[in-house]
Structure formats: C-alpha cells, structure tokens
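This is what each chain is made of:
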Amino acid sequence: MARTLVDKIWDAHVVAQRDDGRNVLYVDRHVFHELHGPHALERLGATGRTVRRPDLTFGVLDHTAPTRDRDELARASAESPLMREMRAGAERFGYRLFDVDDDEAGIAHVVAPELGLVLPGATHACPDSHACTVGALGALAFACGTSDLEHVLATQTLAIKKPKQLRIVLTGALHAGVSAKDVALHLLARLGVDGASGYAVEFAGTLVDALSVEGRFTLCNMAVEMGARTAIIAPDDRALLWLRDRPYAPAAVTAGDLYTDRDARFDRELSIDCAGLAPQVTWGTNPSAAVGVDGVVPDPAAAAPGERAALERALAYMDLAPGTALLGLPIDRVFIGSCTNARLEDLERAARIVRGRHVASNLRAIVVPGSLAVKRAAEALGLDAVFRDAGFEWHETGCSLCVGVNGDLGTPGQRFLSTSNRNFESRQGPGVRTHLASPETAAATALRGAIADPREAVPA
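Here is what the cut-offs are and how they apply
Residues numbered from 1 in each chain as written. Predicted model: local features only at pLDDT ≥ 70, side-chain atom pairs only at ≥ 80, totals over all residues. Heavy atoms only, no water. Helix = DSSP H or I, 4+ residues; strand = E, 2+ residues; numbered from the N terminus. Rg over C-alpha atoms; globule rule 2.2 N^0.38 Å. Buried < 20%, exposed > 50% of the residue type's maximum accessible area, 1.4 Å probe, protein only. Contact = heavy atoms within 4.5 Å. Lys, Arg positive; Asp, Glu negative; His and termini not counted. Charge placed at Lys NZ, Arg CZ, Asp CG, Glu CD. Pairing = 2+ DSSP bridges. Axes fitted to C-alpha atoms, helices over the stretch in contact; angles between N-to-C directions. Core = buried A, V, L, I, M, F, W, Y, C linked by side-chain atoms within 4.5 Å. Parallel < 35°, antiparallel > 145°, perpendicular 65-115°, else oblique. Arc of directions from axis to C-beta. Phe/Tyr/Trp six-rings, centres within 6.5 Å; stacked < 30°, edge-to-face > 60°. Lys NZ or Arg CZ within 6 Å of the ring centre and 35° of its normal. Left-handed = near helix turned anticlockwise from the far one by under 90°. Nonpolar A, V, L, I, M, F, W, Y, C, P; charged D, E, K, R; others polar.

A. Looking closely at the overall build of the protein. Along its length, the protein carries 15 helices and 19 strands. Computed over C-alpha atoms, the radius of gyration of the protein comes to 21 Å, within 12% of the 23 Å expected from 2.2 N^0.38 for 460 residues, which places it in the range of a compact globule. A principal-axis box enclosing the C-alpha atoms of the protein has dimensions of 55 × 55 × 45 Å. Burial status across the protein gives 61% buried among its 460 residues. If you take every contact in the protein between residues at least 6 apart in sequence, the share linking residues at least 24 apart comes to 76%. Looking at the protein, you have 48 positive and 58 negative side-chain charges, and the mean spots of the two groups are 2 Å apart.

B. Representation of the pairing of strand β2 (residues 23-26) in the model. In this sheet, β2 lies alongside strand β1 (residues 14-17) in antiparallel orientation, the contact comprising 3 bridges. By the bridge assignment for β2, Val14 is matched with Leu25. Connecting β1 to the next strand, β2, in antiparallel fashion are 5 residues, including Gly21 with a positive phi near 95 degrees. In terms of strand pairing, β2 meets strand β8 (residues 157-160) through 4 bridges, oriented antiparallel. Across the sheet, Asn23 pairs through a bridge with Ile160, a residue of β8.

C. The sheet that holds strand β11 (residues 230-232), seen in detail. Ordered by their spatial adjacency, 4 strands build an open sheet running β11-β10-β9-β12, and the pairing between neighbours is parallel. In the strand order of this sheet, the two ends are held by β11 and β12 (268-273), each with one partner. Direction aside, neighbouring strands of the sheet carry axes that sit 20 degrees apart on average. The pairing of strand β10 (residues 199-204) with β11 spans 3 bridges and is classified as parallel. The residue of β11 that forms the bridge with Val201 is Ala231. In the packing of helix α7 (residues 180-191) onto the sheet, the strands contacted are β9 (164-171), β10 and β12, and the crossing angle to β12 comes to about 125 degrees.

D. Highlighting the nonpolar core. Of all hydrophobic cores here, the largest spans 48 residues; its most connected members are Trp283, Val334, Ile336, Leu347, Val354, Phe387 and Phe392. Core analysis: the next-biggest nonpolar cluster, separate from the first, contains 46 residues, Cys220, Ile233, Ala255 and Leu436 among them.

E. Structural context of the packing of helix α3 (residues 70-79) against helix α4 (residues 81-93). Running from N to C, α3 and α4 point in directions that differ by 65 degrees, and their axes come no closer than 5 Å. Of the possible angle classes, the one that applies to α3 and α4 is roughly perpendicular. Contacts from Ala76, Ser77, Ala78 and Glu79 of α3 reach α4 at Pro81, Met83, Arg84 and Arg87.

F. Layout of helix α13 (residues 372-380). Restricting attention to buried positions, one finds in α13 the residues Leu372, Val374, Lys375 and Ala378. Buried residues of α13, viewed axially, fall in a sector of 155 degrees; they line one side. At its buried positions, α13 is contacted by α5 (108-114), α12 (344-354), α14 (383-389) and β17 (393-394). Immediately beyond the C-terminal end of α13, within one or two residues, lies Gly382, with a positive phi of roughly 80 degrees.

G. Spatial organisation of the packing of aromatic side chains. Going through the model one piece at a time under the given rule, you end up with 8 aromatic pairs. Measuring from centroid to centroid gives 6.1 Å for Phe58 and Phe98, while their planes differ by 5 degrees, and the two rings are stacked. With Phe58 in strand β4 (residues 57-60) and Phe98 in strand β5 (residues 96-98), this residue pair connects regions lying 40 residues apart in the sequence. For the pair shown, Phe58 and Phe98 are each scored as buried. Taking 6.0 Å as the distance between ring centres and 15 degrees as the angle between the ring planes, the aromatic pair formed by Phe387 and Trp394 counts as stacked. Judged by relative accessible area, which is 8%, Trp394 ranks as buried. Put simply, the rings of Phe58, Phe98 and Tyr248 pair up and form one aromatic cluster. In this structure, Lys8 is placed above the aromatic ring of Tyr259, and the distance from its NZ or CZ to the ring centre is 4.1 Å.

H. Up close: the packing of α12 against helix α15 (residues 439-448). As a packed pair, α12 and α15 sit with axes 8 Å apart at the nearest point and diverge in direction by 30 degrees. Judged on the interaxial angle alone, α15 and α12 are roughly parallel. The two elements α12 and α15 meet at a crossing, and its hand is right-handed. Contacts from Asp346, Arg349, Ala350, Ile353 and Val354 in α12 reach Pro439, Glu440, Ala443, Ala444 and Leu447 in α15. A class-by-class count of the residues in the contact of α12 with α15 yields 7 nonpolar, no polar and 3 charged.

I. Spatial organisation of the sheet that holds strand β6 (residues 123-126). Judged by pairing direction, the sheet is parallel, and its 5 strands sit side by side in the order β5-β4-β3-β6-β7 without closing on themselves. Of all the strands in the sheet, the pair left with one neighbour each is β5 and β7 (140-143). Between one strand axis and the next, the sheet turns by 20 degrees as a mean value, whatever way the strands run. Relative to β6, strand β3 (residues 29-32) is paired through 2 bridges, and the arrangement is parallel. Each residue of the ladder has a partner; that of Arg29, found in β6, is His124.

Structure (structure tokens):
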C-alpha cells in the first residue's frame, strides 16, 4: 500500500492505540524551554516521577533571555526564577541544558537542527508552536502544551491523534530579493490563518527542491500560522549534506525510503505557482494579512460581510486607511531575528543589501542571531562589522523582539518591520504595530527608513 512520508514516520513510532482515538507515539528527542519547562518539571517531581530518557531530553533558555548585552544577560540569568528552575531540573533529572553562556546556546528551533538533535525520519517534540520548523529535515515534529510536555518527560511518548494530510506543491523560480519568507506570507494570504487547520502539511515541488535548507526551515516554521499541526519536507541530498558532522548526529545520516510513494493519497492537495512573486509585507494583525510590497492596504468594504469587522479593527489598530501604499510607509524600528529568520543565510542576505550603506536617521535597527553558533559564524565572516558600520545594533542570541517577555519591547504607536512570524496586537510591546517581511525587505527598509522593495536594493 502506498504511503505518504508522514505515514511512514508515524507508523514506525506508534507504541499503542488509545480508546479515545489517539495514538501513543514514541518521541526520539525533545527540546523544551524555560516558559513551560519549570511547571512540567514541578509536576513531575510532585508526582514522584523522573525524566524517562534524560539522554534524549534537552533544555534551552531562549524566550526570556535579554539580548542587548552580555552584562544584562548575566544579571537576568542569575535572577530569573524560570532559568534557575531549568538549571535545578537539569541537576535533578540529568538532562542536557544549553545555558545562556553555553557554546550551544540559542533559540530552540535553531539549536536543535544545527546540533543534529533532529534527524530525518525521527519524531521531535517541543512545547512551542513553531516546533514544526525542524520538519525541513524530514522529521515529524509536534508542538505540545505543558501537560503534554510532562507526559513526554515522564514516558518519552506523546498521546496524539493522527492529523489529516495536505500536500502543497510549490513551483516557479524566485527572483533576486525574494525568498522563502515571501513564499510563506504569500501562502498565508492565499489560505488564511486556518487554511491548513489540523493538517500535517508536506511541502513539495520544484520551488521547494530549489530552496536551501535554511529556506525550508523558514517555510516549515510559518506553516503553523495557517493552522497546520505540523509541516515536513522529504529529506534530499542537500538536507543530508547540511546534517553532516553535526555534534549529535550519527556519522552517516541517510534518508532511506523517506519520501511519499508515487500513488500515496492525501486528504487534500494544492498546487501554487510562485513565479514572479513579489516581496511580501503584512498590513494587518495576523500573518495572512499580506500583499506584495508594491501593493496597497485592502478595503474592508470589499470583504465578505463576516470578515469586515475584523479587517476594520486591524486597520484601526495599525492606523492605516484602505488604499494606502505600503512602499514608503515610515518605520520606527527594524528587527532581523527570531526562529523564522535568524540563521546564517538570513543574516548574509540582509548584509548583502546593507554593506557600505547606512540605516536611516529616523529608525533603530537590530540584528539578533538565532544561536551562538550563528553569531560566531557571522562574526567570522565579518557580518557583525557590516551591520555595525551600517548603524545596526548587533545583539546576543535569543528570541528578543519576537515575543515580549525578555525586555526587548517597543513603545505604543511605534511601527515595526520584523522578520519574525507573528504580528498580533501588542506582540512586540503594547500598542506596537508590526509588519512582517523577509530579511531582505527588512534590510532595505532600514536603509530607507520606510518600507522598501529589496529588489531595488540587491547589488547586481
């Protein structure tokens, strides 16, 4: 019988079938952070249980870590109850913690693949909605809540109902200045925030084949924003080469039959041609509110009756009028970072645009590498100097402005352009208005002081 890639990985990891319809799925490795970890660990200790497989369990400190400088990070590290509890848990239960001063420190979804903790055909769990990022390597990854995390810690399994499956075939070549983030935002604009609700999404097609592994991470990362339960891409030679010599990966990583069989059936299939795609920018308060950078803010009057109120509220919050051109819209702050776009390739793409130029005087711009490994690699290439010379702030690693729990916040009324994955109301600070875009668009915007088209800024 023909099977999909998800079928093959799922079938190989089912431990038992529950009466409530959920499968008990074995988890190969899991990574958890300080927002949800301490409570799960407390529950574990209160019930007299232990971590079932400490050798397969890894902790990170990313969400609450301030990134502005090492001194502030050191103070927060010493004072934070959440960080202290993660350290105490590592001491008590024996799991590996990548602390803020560890050589392998960084954002969970950046650290896990770059260390080889995630492998093709493996299952992966993380108490964070963007766990699906690592599906770019052909792993089946699931986000879990605190109760599920407790279950994973205690049993090395996850009780979960098998999701329906959606294959999205992407074709067409991307022009200079257009990247995976633009593809993801375009998909969201086409499908909406619930267009893949409850599905496991497999991305395929010639465009996906042509993407770098870093671009595939970005694409899978954004799948949850369209409601997907997880996302995955069949591992190819490029993915296997990317995994070579990773510290926690075996000496030889192979793909075997990790692909969807020719006659396998999906619950739903879509094919989208991205040829000629323009850089995308959001205008509203969810990631699906995206148009081409040369587009205009839509008119709620043209929307279906049931959607008008939400659109009107979004425009009121964003202080935008229907028909407003996005190009030239003044921006107060640019953020290049997050688990979506803080890998080395993302920084290289942005640096290529800003090299030899300078940030506009009306704007503050920051770069936050996704891990210390990314930061070291970027500094070895001189990218930190490129950004600093251009007037960017070069920060320590962490989630930073993606989520307002670490001191990196804007002030009410400020307008941000961000490479992160969410633009919800007050996500980057109370009253902050966030536009999502790619690293290239962020770089071009920082130079102009207003939303700019990176196709006009990319060096020949």
